[in-house]
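# Analysis of the macromolecular model
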Amino acid sequence: MERTFAIIKPDAVAAKNAGKIIDMIEAAGFNIVGMHKINMSQEQANELYKEHSARSFFGEMVAAMMASPIIILALEKENAVLAWRDLMGATNPKDAAAGTVRALYGANIGANAAHGSDSLASAARELAIFFPAL
Ligand code: CMP
């Protein structure tokens, strides 16, 4: 069993698509081992996106992630990291396969409905930021 970290991003929560995305997560066979609705802090945003800190869109991305509530999830399943990335679809919704979370609910590359860890090491790092008790 593997664990990964997921975020239902501000755009999807504000659009009231969170329930539908959680439904997709459960239908895909994940166990939700942690889930909270939170406002991301500056510290959490800096830590989550530290590998993107030099990117031109960093400030805009962090501001967007902190602007309104998000839902954070700890997800468990065999090959959870890859399985959640597959279910989300490509980062840019316009490239995401039909039926994926980002194809269904993402608007653009910034407002792309969901986040997922890109590796097992990232999953461990990101889960520790948001779910220290796990
Ligand atoms: P996420 O999976 O949260 O991890 C990094 C994020 O950077 C990614 O989703 C995108 O939402 C965001 N991102 C990547 N490229 C751009 C861009 N050109 N402009 C705004 N945001 C971007």
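Because the structure is a prediction, the values reported are computed rather than measured.

Cut-off values and rules
- Residues numbered from 1 in each chain as written.
- Predicted model: local features only at pLDDT ≥ 70, side-chain atom pairs only at ≥ 80, totals over all residues.
- Heavy atoms only, no water.
- Helix = DSSP H or I, 4+ residues; strand = E, 2+ residues; numbered from the N terminus.
- Rg over C-alpha atoms; globule rule 2.2 N^0.38 Å.
- Contact = heavy atoms within 4.5 Å.
- Near = heavy atom within 4 Å.
- Polar contact = N/O pair within 3.5 Å; in protein donor to acceptor, adjacent residues only side chain to side chain.
- Areas by Shrake-Rupley, 256 points an atom, 1.4 Å probe, with all protein chains shown as cover.
- Core = buried A, V, L, I, M, F, W, Y, C linked by side-chain atoms within 4.5 Å.
- Buried < 20%, exposed > 50% of the residue type's maximum accessible area, 1.4 Å probe, protein only.
- Salt bridge = Lys/Arg side-chain N within 4 Å of Asp/Glu carboxyl O.
- UniProt positions renumbered as here; feature names shortened; annotations may be inferred.

### Notes on the overall build of the chain
Helices and strands together make up the secondary structure of the chain, namely seven helices and four strands. Mapped from its N terminus to its C terminus, the chain presents α and β elements in the order β-α-α-β-α-α-β-α-α-β-α. Its C-alpha atoms give the chain a radius of gyration of 14 Å, near enough to 14 Å, the size a compact globule of 134 residues would have. In terms of its C-alpha atoms, the chain occupies a principal-axis envelope of roughly 35 × 35 × 25 Å. Pairs at least 24 residues apart make up 75% of the contacts formed inside the chain by residues separated by at least 6 positions.

### Some words on the site of the ligand
All residues adjacent to the ligand are Lys9, Tyr49, His52, Phe57, Met61, Thr91, Arg102, Ile109, Gly110, Asn112 and His115. Contacts to the ligand include Lys9, whose side-chain N or O atom sits 2.8 Å from an oxygen atom. In the complex, the protein chains occlude 78% of the 460 Å² of accessible area that the ligand would expose alone.

### Considerations on the nonpolar core
Core analysis: the biggest nonpolar cluster contains 21 residues, and Ile8, Ile25, Phe30, Trp84 and Val101 have the highest contact counts within it. Among the elements of the structure, strand E1 (2-8), helix H1 (10-14), helix H2 (18-27), strand E3 (70-77) and helix H5 (80-88) are those that each provide at least two residues to this core. In this structure Ile8 touches Val13, Ala18, Ile21, Ile22, Ile70, Ile71, Leu73 and Ala113, once residues within four positions along its chain are discounted. The next biggest cluster of nonpolar side chains, apart from the first, holds 18 residues, and it includes Phe5, Ile38, Phe58 and Met61.

### Here's the deal with the side chain of Ser117
With respect to the helices and strands, Ser117 occurs in the loop between strand E4 (114-116) and helix H7 (120-130). Given the relative accessible area of 0%, Ser117 is considered buried. Looking at Ser117, its side chain comes within polar contact range of the side chain of Glu126, at 2.8 Å. In this view, Ser117 contacts Thr4, Phe5, Val81, Arg85, Ser122, Ala123 and Glu126; residues no more than four positions away in its chain are not counted.

### Things to note about the pattern of salt bridges
What the rule picks out here adds up to four salt bridges. Note that Lys94 and Asp95 form a salt bridge whose closest N and O atoms lie 3.8 Å from each other. The same class applies to Lys94 and to Asp95, which are both exposed. The network of salt bridges with common partners includes Glu47, Lys50 and Arg125.

### A look at the UniProt feature "active site" (unreviewed entry) in the chain
Sites flagged by UniProt as "active site" (unreviewed entry) map to His115. By the element assignment, His115 lies in strand E4. Judged by relative accessible area, which is 11%, His115 ranks as buried. When residues no more than four places from it in sequence are discounted, the contact partners of His115 are Phe5, Ala6, Ile7, Lys9, Leu48, Tyr49, Trp84, Met88, Arg102 and Glu126.

### Focus: the UniProt feature "binding site: ATP" (unreviewed entry) in the chain
The feature "binding site: ATP" (unreviewed entry), as annotated in UniProt, sits at Lys9, Phe57, Arg85, Thr91, Arg102 and Asn112 in this numbering. When residues no more than four places from it in sequence are discounted, the contact partners of Arg102 are Met88, Gly89, Ala90, Thr91, Pro93, Ala96, Asn112, Ala114 and His115. Residue placement: Asn112 occurs in the loop between helix H6 (101-105) and E4. Those residues in contact with Asn112 that sit more than four places away from it in its chain are Lys9, Asp11, Thr91, Pro93, Arg102 and Gly106. A polar side-chain atom of Asn112 sits 3.5 Å from the main-chain carbonyl oxygen of Ile109.

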